[in-house]
Amino acid sequence: MNATQTLDAQELAALLHFYADSGVEWLVEDEPVDRFAQFAAQKAAQAEAKMPASARQPQPVQNDPAPTSRTSGASPAPNRAAARPAAPAPSVAVPDSEAVASARFAAESARSLAELKTALEAFTGCNLKNGARSTVFASGDPSSGIMVIGPTPNADDDRDGLPFSGRQGQLLDRMLGAIGLAREAVLLTNIIPWRPPGNRMPSDAELEICRPFLERQVALAEPKLLLLLGNFPARFFFGANGTIHSLRGEWRDITFGGIDAAAIATLHPQELLAAPANKALAWQDLLTFKKRL
C-alpha cells in the first residue's frame, strides 16, 4: 500500500477520482481511529448498563498524584484528542431558496448555450457539484429542433464530460441510427448536469436548483420534439408518478421553459442493457417518434 505522501499530483488525482466513483464523499478523520477498540468499549458499556445497580463495579476514585510526581521532572503524556483542533466542517453549498434564486439569475442571464455552459460551470450553489468530476453540459446540434433528455450523468459521462458516454452512449447511437438520426444531429442533455454520488437520485432541493438551467437550455434551443429517456425524465416533464412502462410510447404536449413542444418517453439505454427483452418496447417508441420527424 502506497502512502499518499509518495504519490505525485497525477496519481493522487486518480486516487481521489477512484474514491469519488466509489461513492466516497468525505474524509472524516484526520488521524486513524481504532474502531475495534471503540466497538468493544461500547459493548462493555451497554452490558454494564443492563446490569442491576448492586452488581456494578464501583468506579475507583481518582486521587491527586503524589507531590513527588509533580516535581520528578517527567511530564504527563499529552492528550492527543484534546490537543488536536477540531477539523473544520467541509465547505459545501446548502440547497435552499437562495440557491434556487441564484441559479435562476445565472441561467436567465445567459443569452446563448455557450454563455449558459459558462454560467453552469461557474455556479457553486449545488452540493452535487462538489462530488462530481465534470459539469456535463448539452452536446450536439441545438438548431435541430430535437432534444434527447436523460436523467443524470453516470460514471462514464462524469469522466468524459459528455452526456451519454460509454456503453449506454453506444446503444443510444444505435437507437438513433435505426430511425435515421445521429447524436451530432440532435441535442443531447440531462436534467441534472452533475453526477450524484453513487448514482443516487437527486433530492428535491437539488432538482429545484438544477431546474432553471434546464429550462434555459430548452428556451435557447427551442426544440419541437423531446425524446425522454427513463423514469426520472418522464415523471419530471409529465408531472406523473407512474413507471416508464406506463408513461412510454405516447405523445404529450408540454410547455417547458416557455416553449411548447411534443414529448414522448421511452426506456433509458441503461435499462435496455440491464433487460434486453425490453428493446422491443423501445423500438416501438422509436418508430412512433420517427413518424413525427
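All of the points below concern the structure found in this document. (Residues numbered from 1 in each chain as written. Predicted model: local features only at pLDDT ≥ 70, side-chain atom pairs only at ≥ 80, totals over all residues. Heavy atoms only, no water.)

1. Description of unusual backbone geometry
Working step 1: Positive phi outside glycine occurs at F164, with the angle close to 60°.
Working step 2: A positive phi is found at N199, a non-glycine position, where the angle reads about 60°.
Working step 3: As for its placement among the helices and strands, N199 is situated in the loop between β3 (187–190) and α10 (204–221). (Helix = DSSP H or I, 4+ residues; strand = E, 2+ residues; numbered from the N terminus.)

2. Some details on the environment of L281
Working step 1: Along the chain, L281 falls in helix α14 (residues 279–291).
Working step 2: The class of L281 is partly exposed, set by a relative accessible area of 24%.
Working step 3: Spatially, the C-alpha atoms of L281 and T266 are 8.0 Å apart, while their sequence positions differ by 15 residues.
Working step 4: Apart from the residues lying within four places of it in its own chain, the contact partners of L281 are H245, R248 and L267. (Buried < 20%, exposed > 50% of the residue type's maximum accessible area, 1.4 Å probe, protein only. Contact = heavy atoms within 4.5 Å.)

3. Concerning the pairing of strand β4 (residues 225–229)
Working step 1: For β4, the tally of buried residues reaches five of five residues, placing the bulk of the element in the interior.
Working step 2: Residues L225, L227 and L229 of β4 are buried on one face, and the alternating residues L226 and L228, pointing to the opposite face, are buried as well.
Working step 3: Alignment of strand β2 (residues 146–150) against β4, held across four bridges, turns out to be parallel. Across the sheet, residue I146 finds its bridge partner in β4, namely L225.
Working step 4: Pairing geometry for β4 and strand β6 (residues 259–266), over five bridges, is parallel. In the strand pairing of β6, L226 is matched with A263. (Pairing = 2+ DSSP bridges.)

Note that all results are geometric; they support no functional claim without further evidence.
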